[in-house]
Amino acid sequence: MDETLLEIAQAAKGFMPDDEGLALYEAGLDAARDGPLLEIGSYCGKSAVYLGAAAKERGSSLFSIDHHRGSEENQPGEEYHDPDLVDEEGRVDTLPWFRSTIEEAGLSNWVIGVVGSSPKVARAWTTPLALVFIDGGHSRVAADADYLSWAPKLMTGGLLAIHDVFPDPADGGRAPFEIFERARASGGFEELQGCGSLRVLRKLDDRI
Ligand code: SAH
Ligand code: MG
């Protein structure tokens, strides 16, 4: 991966260890030959730089969705709250951080921010996707909605990447693990090489 982009990705605020970020970049490179990439959970743009670097190399695009108001665990008083990321009214607002990361990386022509709720965007979405990366809300309801909304939008042969897959509940919330298991049990996906809590599956057919 381009050195400058790698440094920007590593320096951005976010929740993605370097090795998982590079694995995501590799999945993006593989997929972006065939069509656009899409992620749920932009936050401050860290994963968007890894995937955006791949989109740029292939002349593709990354659509990065977030309402930018943070997940439950990002709210004031919660475990993953960052006091730098609030607006004048005290509400979480990661959009300025996302925009500044993407501009600093020079990726504005390849990374398209979509500000809104993931299932609402999905309802209007018709373009087949070469990769979907699910890294949004970690509640059961949010993770199920992301999987059920976006897995059907993947092209056959496209990649489904899921972050924060922790088989042991002691390591973290179970919802991403549960959608990962659901995808595997459907028969419509085959598992590829993952890294840490990043899991990658290839879509075989329309079973979800
Ligand atoms: N991919 C990021 C981390 C994402 S954190 C990184 O590399 O660091 C999860 C993000 O999902 C938060 O910014 C939150 O606002 C967003 N989110 C949670 N539920 C969402 C929903 N239903 N629609 C859109 N965004 C959502
Ligand atoms: Mg994550």
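Residues numbered from 1 in each chain as written. Chains lettered and ligands numbered in written order. Predicted model: local features only at pLDDT ≥ 70, side-chain atom pairs only at ≥ 80, totals over all residues. Heavy atoms only, no water.

Student: Looking at this structure, how should I read the coordination of the magnesium ion (ligand 2)?
Tutor: For a metal with four donors in a tetrahedral arrangement, the ideal angle between donors is 109.5 degrees, while six donors in an octahedron ideally sit at 90 or 180 degrees. Within the protein, Asp135 (OD), His163 (ND1) and Asp164 (OD) serve as the donor atoms for the magnesium ion (ligand 2), at 2.1 to 2.3 Å. Sequence spacing of the donor residues for the magnesium ion (ligand 2), all on one chain, is D-x27-H-D. You can see Asp135 sitting in the loop between strand 4 (129-134) and helix 6 (140-150) and its partner Asp164 sitting in the loop between strand 5 (154-162) and helix 7 (175-186), a full 29 residues away along the chain. Of the two residues, Asp135 and Asp164, neither departs from the other in class, the shared state being buried. (Donors = N, O, S within 2.8 Å, 3.2 Å for Na, K, Ca; no water. Helix = DSSP H or I, 4+ residues; strand = E, 2+ residues; numbered from the N terminus. Buried < 20%, exposed > 50% of the residue type's maximum accessible area, 1.4 Å probe, protein only.)

Student: How should I be thinking about the site of ligand 1 in this particular structure?
Tutor: Within the structure, ligand 1 sits among 16 residues, and Gly41, Ser47, Asp66, Ser118 and Asp135 are positioned closest to it. Gly41 is positioned with one of its backbone polar atoms (N or O) 2.7 Å from a nitrogen atom of ligand 1. Measuring from a nitrogen atom of ligand 1, one finds a side-chain N or O atom of Asp135 at 2.7 Å. For ligand 1, whose unbound accessible area comes to 590 Å², protein coverage reaches 93%. By residue class, the composition of the shell around ligand 1 is two nonpolar, eleven polar and three charged. (Near = heavy atom within 4 Å. Polar contact = N/O pair within 3.5 Å; in protein donor to acceptor, adjacent residues only side chain to side chain. Areas by Shrake-Rupley, 256 points an atom, 1.4 Å probe, with all protein chains shown as cover. Nonpolar A, V, L, I, M, F, W, Y, C, P; charged D, E, K, R; others polar.)

Student: Quick question: what am I supposed to make of the sheet that holds strand 4 here?
Tutor: Think of a sheet as strands paired side by side through backbone hydrogen bonds, with each pair either parallel or antiparallel. With mixed pairing, seven strands are arranged side by side in an open sheet as 3-2-1-4-5-7-6. In this open sheet, the two edge strands, each paired with only one partner strand, are strand 3 (111-115) and strand 6 (189-191). With direction set aside, neighbouring strand axes in the sheet form an average angle of 20°. Pairing of strand 1 (residues 37-40) with strand 4, which is carried by four bridges, proceeds in the parallel orientation. Its bridge partner being in strand 4, Ile40 is matched across the sheet by Ile134. (Pairing = 2+ DSSP bridges. Axes fitted to C-alpha atoms, helices over the stretch in contact; angles between N-to-C directions.)

Student: Could you clarify how one ought to interpret the packing of aromatic side chains in this entry?
Tutor: Two aromatic rings, taken as a pair, are described by how far apart their centres are and by the angle between their planes. All chains considered together, the criterion is met by five aromatic pairs. The interplanar angle of 40° and the centroid separation of 4.8 Å between the aromatic rings of Phe15 and Tyr43 together place this pair among those described as tilted. Placement of Phe15 in the loop between helix 1 (3-11) and helix 2 (18-31) and of Tyr43 in the loop between strand 1 and helix 3 (46-58) is noted, with a sequence separation of 28 residues between them. In this structure Phe15 comes out as partly exposed when scored by relative accessible area, which is 39%. By the ring-pair criterion, three or more aromatic residues cluster together here, those being Phe15, Tyr43 and Tyr80. Seen from the ring of Trp97, Lys13 lies directly overhead, with NZ or CZ sitting 5.2 Å from the centre. (Phe/Tyr/Trp six-rings, centres within 6.5 Å; stacked < 30°, edge-to-face > 60°. Lys NZ or Arg CZ within 6 Å of the ring centre and 35° of its normal.)

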